[in-house]
Amino acid sequence: VPTAGLHVYRLDRALRGYYAKEWPRFLASVAWHFAGWLVAVVEAAYALHLVGVGSGLSVAAVVEALGAGVRFLTFFVPASVGVLESANAAVFVTLGFGASAGLAFTLLRRARQAIWVVAGIVVLAAMRARWVRAQWTRFVAPITLKRRGRAEKGRARRRPAAAAPRRPARSA
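The numbers attached to residues start from 1 for each chain and follow its sequence in the written order. Two thresholds apply to this predicted model, a pLDDT of at least 70 for residue-level local features and 80 or more for giving and counting side-chain atom pairs, whereas whole-chain, interface and lining totals are computed over all residues. Computation of side-chain values covers all heavy atoms of the structure but excludes hydrogens and water.

Caption draft 1: Highlighting the overall build of the protein chain. Runs of E in the DSSP output that reach at least two residues are strands. Runs of H or I that reach at least four are helices, and both are numbered from the N terminus. A tally of helices and strands in the protein chain yields 5 helices and 0 strands. When the elements of the protein chain are put in sequence order from the N terminus, they spell out α-α-α-α-α. Taken across its 172 residues, the protein chain has 17% of its residues classed as buried. We call two residues contacting when some pair of their heavy atoms lies within 4.5 Å. The long-range fraction of contacts in the protein chain, counting pairs at least 24 apart against all pairs at least 6 apart in sequence, stands at 46%. Throughout this description, buried means an accessible area under 20% of the type-specific maximum (1.4 Å probe, protein chains only), exposed means over 50%, and partly exposed covers the range between.

Caption draft 2: Summary view of the nonpolar core. With 14 residues, the main nonpolar core has Leu48, Ala60, Val63, Phe92 and Phe105 as its most contacted residues. Mapped by element, the contributors of at least two residues to this core are α2 (23-51), α3 (57-73), α4 (83-95) and α5 (99-140). No other element matches α2, which puts 5 residues into this core. In this view, Val63 contacts Asn88, Val91, Phe92, Leu95 and Phe105; residues no more than four positions away in its chain are not counted. Nonpolar cores were defined as sets of buried Ala, Val, Leu, Ile, Met, Phe, Trp, Tyr and Cys residues, with membership established by side-chain atoms within 4.5 Å.

Caption draft 3: Quick peek at the pattern of salt bridges. Salt bridges are defined as contacts in which a side-chain nitrogen from Lys or Arg sits within 4 Å of a carboxyl oxygen from Asp or Glu. Taken as a whole and assessed by the stated rule, the structure comprises 7 salt bridges. Linking Asp12 and Arg16 is a salt bridge whose minimum nitrogen-to-oxygen distance equals 2.9 Å. With Asp12 and Arg16 both in helix α1 (residues 4-21), this residue pair falls 4 residues apart, about one helical turn. A residue is classified by how much of its surface remains accessible, and Asp12, at 34% relative accessible area, is partly exposed. Assessed through its relative accessible area of 58%, Arg16 is described here as exposed.

Caption draft 4: Expanded view of the packing of α4 against α5. Axis lines are fitted to C-alpha atoms, over the contacting stretch for helices. Their N-to-C directions set the angle, which ranges from 0 to 180 degrees. Between α4 and α5, the shortest axis-to-axis distance is 7 Å and the interhelical angle comes to 135 degrees. The orientation of α4 with respect to α5, classified from their angle, is oblique. Relative to α5, the crossing made by α4 is right-handed. Where α4 approaches α5, its residues Leu84, Glu85, Asn88, Ala89, Phe92 and Val93 are matched on the opposing element by Ala99, Ala101, Gly102, Leu103, Phe105, Thr106 and Arg110. Amino acids are sorted into nonpolar (Ala, Val, Leu, Ile, Met, Phe, Trp, Tyr, Cys and Pro), charged (Asp, Glu, Lys and Arg) and polar (every other residue, Gly among them). Grouping the amino acids of the contact of α4 with α5 by side-chain chemistry returns 8 nonpolar, 3 polar and 2 charged. Relative orientations are named as follows: roughly parallel for angles under 35 degrees, roughly antiparallel for angles over 145 degrees, roughly perpendicular for angles from 65 to 115 degrees, and oblique for any other angle. Crossings are sorted by hand: turned counterclockwise from the far helix by less than a right angle, the near helix makes the crossing left-handed, and turned clockwise it makes it right-handed.

Caption draft 5: Highlighting a nonpolar patch on the surface. Only residues whose relative accessible area exceeds 30% and that form no salt bridge are eligible for patches; like-charged ones are grouped when within 9 Å, while nonpolar side chains (Val, Leu, Ile, Met, Phe, Trp, Tyr) are grouped when within 5 Å. Per-residue accessibility takes into account occlusion by the displayed protein chains alone, with areas from the Shrake-Rupley method and a 1.4 Å probe. Taken together, the side chains of Leu11, Leu15, Tyr18, Tyr19, Trp23, Phe26, Leu27 and Val30 define a hydrophobic patch exposed on the protein surface, amounting to about 760 Å² of accessible area. For the nonpolar patch, the elements supplying multiple residues, two or more each, are α1 and α2. Of the residues examined, Val30 reaches a relative accessible area of 41% and is grouped as partly exposed.

Caption draft 6: Geometry of unusual backbone geometry. A positive phi angle is found at Ala79, which is not glycine, with a value near 60 degrees. Backbone geometry at Ser80 places phi at a positive 50 degrees, although glycine is not the residue there.

Caption draft 7: Layout of the environment of Ala89. Mapped onto the elements of the fold, Ala89 is located in helix α4. Between the C-alpha atoms of Ala89 and Phe105, which are 16 residues apart in sequence, the distance is 8.8 Å. With sequence-adjacent residues up to four places away left out, Ala89 is seen in contact with Ala99 and Gly102.

That is the geometry; function is a separate question.
Rendered as structure tokens:
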């Protein structure tokens, strides 16, 4: 396709412009990503402590980096189910901790994911209920039916009779 080269050139030019002009935003993005990775390493260290594998941040960084690599390589497997468990078991065996510790570590991380998924579903359900309530008060609540009062309950409302046309008085 002859226009593909033009599109690649435009994309390259746009990216060069972004990195030249918007470098503070780019560095902020990289910093936030690195901070998130550091939090994941601390979480991995805490999970290793809970599993009973007493190790430092360096081992947690290795486990987290290898787990991130496995998740990256298995993007086509939903949630890397099965692949991540076996990869962590292999990593833990390599590190000398045992496959059961690797599986326990992965299941602990999966439990954390499940808790966040449930929290997200609860928030979405609350937001949906709030939206439905807003739609109800906006569209349905203004439509009210007139209710009859106590005195008129059970009998039909009387409408005043139309005034009959007046006849002129006869003169005799």
